[in-house]
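A structural walkthrough
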Amino acid sequence: MTQAATNASDLMVEMHNVNKWFGDFHVLRDIYLEVKRGERIVVCGPSGSGKSTLIRCINHLEEHQKGDITVGGVALTQDVKRIEQIRRSVGMVFQHFNLFPHLSVLENCCIAPMWVQKKPRKEAEALAMEYLERVRIAEQATKYPGQLSGGQQQRVAIARSLCMHPDVMLFDEPTSALDPEMIKEVLDVMVELIHSLGNKAAVDKFVIMGLA
Amino acid sequence: MIHNKETIPEQPAPKGTIGPIAWLRSNLFNGPINSLFTLLGLYVLYLLVVPTVQWAFIDADWVGSSREDCSRVGACWVFINARFSQFIYGLYPSEEYWRANIVFAMFFTLIAWMAIPRLPFKRWVAIFALIAFPVVAFVLLYGGYFDLPRVSTNRWGGLMLTLLLASVGMIGALPIGIVLALGRRSSMPIVKSFCIIFIEFWRGVPLITILFMASVMLPLFLPSGMGVDRLVRALIGLTLFQSAYMAEVIRGGLQAIPKGQEEAAAALGMTYWKRMGLIIMPQALKMMIPGIVNTFISLFKDTTLVMIIGLFDLLGIVQAALSDSRWLGFSLEGYVFAAFMFWIFCFSMSRYSQYLERKLNTGHKQ
Ligand SMILES: Nc1ncnc2c1ncn2[C@@H]1O[C@H](COP(=O)(O)OP(=O)(O)O)[C@@H](O)[C@H]1O
Ligand SMILES: [Mg+2]
């Protein structure tokens, strides 16, 4: 029992025999994946092979039909409360950024800490500014997403996820919607973040990236 | 290539490209066909405007107290003057007008407060307008408390009744419409089918039938002695009817929001109601301002149908006044007045919605 418990706290994501169908189409077949705290993983494969689907199953944006998924020791079931608990500890960066266009950059980063984690506004804003600084976009904090370039938007999206202090970060093709010049700025930020966060034991992360 | 190190000095625009003459030339007289249409248009305008102005202003009678004061060929605004207070208050007793006046003053102050951006405490004013104001307005208008004599609702009428019907309808239809629209998109089959049946029922029946059924058939189903006020029945019918339309307008807005928005909100751990309330609805409502205001405007005009169940709204009371034997033959003036009043309110709503659209535009098109 004790052995299992320590193991469980080490393993951030476990997928055992995960199967998923879209209608009749068998996308994920017997997926087995274990990722430890601090580990970084890149999932590769041709377009349409199911990388996005795999990643999206981890925070239940897609539902798997067979097998077990456990995130941070919490088994993923149909239970909405559990799904929300897992999502709070899993950050996700999307291919098309999905920033909230009606909110400023700062508000994009504050809204989840304030409404999900119930942080006071002051604290949430200070935290957001810290992460915006890290992704080197703090000077744009009052702008709206529609006024930023693709690379800038993606950096904001990364900051928005990090503001929730997630244990797991999922990147689904974070640069494939960007022009070549912008890919570099986003990748630089990601590499830097992974190093700076990975060196602090307390905030060890593991990262899954899907790259086409 | 000439390299010029100096800044080229500013020069005036070439002659004939700016100013009123140039504007006329480029917009109204650029080419023989456009010139012809411009002249034709001006002629038609002339044919319409001159007699209208002649009738409504130049040849009109403005002061007096009876039809004998209307000797001239133009409009007889004396009639409107003589009946003005009835058009505003309906059959409300004149010694109690002050109560209606207080409600009117509060109503317009609250609207202006919400509409003027510089004024502070918007949130508290909104809460007051939605919770305290209806109670205060009801107590004042209906009476029965604090020594205020009771004025039964069948004496309420005119503009007062029109504004009451329209604002209760609007304020009721928006939240019910939001809930119905969300329900219609729900994955729970029972909720979904209930919302679809509700929406399709109310949308498929003419409002006039609903009002008629509410006034004639509802009493048959209710236990005898339990009379529901006629005005309340009209309000319920009107609100449910409009909320079905509102639901479809809002559903259209919800469908226009990319799926990624809800996914991003979900990935941050937000619950369903937070995703809707913080992320999806604000965007959808913003996008739907023209559709919502359109529904409000048609609701405002639809309130005139309460006439058929014996309530005298602004148009109803004007029509009633037309059949007064002392004032026969002034129906044109009556209808022009009613049309003008309706136009003022509908046009203001339309302008305000355009202003809101511009103000809320954050320069995004994702
Ligand atoms: N919502 C869906 N409904 C049906 N089929 C889908 C859906 N989403 C993805 N697919 C299919 O599943 C397969 C894997 O998709 P995806 O995970 O997006 O691939 P990748 O990210 O590796 O390019 C593709 O063949 C795609 O057509
Ligand atoms: Mg993909």
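Residues numbered from 1 in each chain as written. Chains lettered and ligands numbered in written order. Predicted model: local features only at pLDDT ≥ 70, side-chain atom pairs only at ≥ 80, totals over all residues. Heavy atoms only, no water.

**Describing the overall build of chain A**
When helices and strands are tallied, chain A shows 7 helices and 8 strands. In chain A, which comprises 212 residues, the share counted as buried stands at 52%. Here chain A has roughly 9,900 Å² of accessible surface; of this, 53% comes from carbon and sulfur atoms. (Helix = DSSP H or I, 4+ residues; strand = E, 2+ residues; numbered from the N terminus. Buried < 20%, exposed > 50% of the residue type's maximum accessible area, 1.4 Å probe, protein only. Areas by Shrake-Rupley, 256 points an atom, 1.4 Å probe, with all protein chains shown as cover.)

**Let's talk about the packing of aromatic side chains**
Evaluation of the coordinates by the stated rule reveals 15 aromatic pairs over all chains. With 5.1 Å between their ring centres and 80° between their planes, Y272 of chain B and W273 of chain B make a pair best called edge-to-face. Taken together through their ring pairs, the aromatic side chains of Y89, F104, F107, F108, F300, F342 and F345 of chain B make up a single cluster. Sitting over the ring of F22 of chain A, K20 of chain A keeps its end group 4.6 Å from the ring centre. A cation over a ring is seen here: R160 of chain A above F100 of chain A, with NZ or CZ 4.5 Å from the ring centre. (Phe/Tyr/Trp six-rings, centres within 6.5 Å; stacked < 30°, edge-to-face > 60°. Lys NZ or Arg CZ within 6 Å of the ring centre and 35° of its normal.)

**Brief notes about the nonpolar core**
If you look at the biggest cluster of nonpolar residues, it comprises 128 residues, and the most contacted ones within it are M15 of chain A together with F79, F87, Y92 and F300 of chain B. Core analysis: the second largest hydrophobic core is formed by 32 residues, V93, L132, V135 and L178 of chain A among them. (Core = buried A, V, L, I, M, F, W, Y, C linked by side-chain atoms within 4.5 Å.)

**So, the site of ligand 1**
Residue and element names in this part refer to chain A. Looking at ligand 1, the residues that line it are F22, F25, V27, P46, S47, G48, S49, G50, K51, S52 and T53. With respect to ligand 1, the backbone of K51 contributes an N or O atom lying 2.9 Å from an oxygen atom. When ligand 1 sits alone it has 570 Å² of accessible area, and the protein chains cover 59% of it. Secondary structure elements with two or more residues in the shell around ligand 1: β2 (25–36) and α2 (51–58). With 3 residues, α2 is the single largest residue contributor to the shell around ligand 1. Split by residue class, the shell around ligand 1 holds 4 nonpolar, 6 polar and 1 charged. (Near = heavy atom within 4 Å. Polar contact = N/O pair within 3.5 Å; in protein donor to acceptor, adjacent residues only side chain to side chain. Nonpolar A, V, L, I, M, F, W, Y, C, P; charged D, E, K, R; others polar.)

**With respect to the side chain of T304 of chain B**
For T304 of chain B, the location among the structural elements is in the loop between α13 (289–302) and β1 (312–313). Setting aside residues up to four positions removed in sequence, T304 of chain B forms contacts with D313, L315 and F342 of chain B. (Contact = heavy atoms within 4.5 Å.)

**Considerations on the side chain of Q140 of chain A**
By the secondary structure assignment, Q140 of chain A is in the loop between α5 (121–134) and α6 (150–162). Not counting chain neighbours up to four residues away, the residues in contact with Q140 of chain A comprise V105, L148 and Q152 of chain A.

**Comments concerning unusual backbone geometry**
Residue and element names in this part refer to chain A. One non-glycine residue with positive phi stands out, namely H165, at about 50°. Here H165 is to be found in the loop between α6 and β7 (168–172). With relative accessibility at 38%, the residue H165 sits in the partly exposed group. Located in the positive-phi region is E173, a residue other than glycine, with phi close to 40°. Owing to a relative accessible area of 12%, E173 belongs among the buried residues under this scheme.

**A few points about the interface of chain B and chain A**
Listed per partner, the contact involves 23 residues of chain B and 24 residues of chain A. When the two sides are added together, the surface that chain B and chain A hide from each other amounts to roughly 2,100 Å², 62% of it contributed by carbon and sulfur. On the surface where chain B and chain A come into contact, there are 1 salt bridge. Residues R56 of chain A and E263 of chain B are paired through a salt bridge, measuring 2.7 Å at the closest nitrogen-oxygen approach. Applying the counting rule to chain B against chain A returns 6 residue pairs in polar contact (both at pLDDT 80 or more). Looking at the side of chain B that touches chain A, the element that brings in the most residues is helix α12 (residues 272–287) of chain B, giving 8 residues. In terms of residue class, the side of chain B that touches chain A is built from 10 nonpolar, 9 polar and 4 charged. (Buried area = accessible area lost by both parts, 1.4 Å probe. Salt bridge = Lys/Arg side-chain N within 4 Å of Asp/Glu carboxyl O.)

**Overview of the pattern of salt bridges**
Residue and element names in this part refer to chain B. Applying the stated criterion across every chain yields a total of 12 salt bridges over all chains. Among the ionic pairs, K259 bridges to E263, the shortest N-O distance being 3.7 Å. Here the residue K259 and the residue E263 both occupy positions in helix α11 (residues 259–267), the gap between them amounting to 4 residues, near one helical turn. The network of salt bridges with common partners includes R184, E200, R203, E248 and R251.

**What about the confidence of the model for chain B?**
Residue and element names in this part refer to chain B. The predicted model of chain B averages 82 in pLDDT, with 95% of residues at 70 or higher. Mean pLDDT per element in chain B: helix α9 (residues 218–221) is the minimum at 72, and α11 is the maximum at 93. With pTM at 0.79, the complex prediction returns an ipTM value of 0.87. (pLDDT = per-residue confidence, 0-100.)

**Here's the deal with the pairing of β7 of chain A**
Residues and elements named next belong to chain A. A large share of β7 lies buried, amounting to 5 of its 5 residues. Two elements, strand β6 (residues 90–93) and β7, share 4 bridges in a ladder whose sense is parallel. Across the sheet, residue M92 finds its bridge partner in β7, namely L170. (Pairing = 2+ DSSP bridges.)

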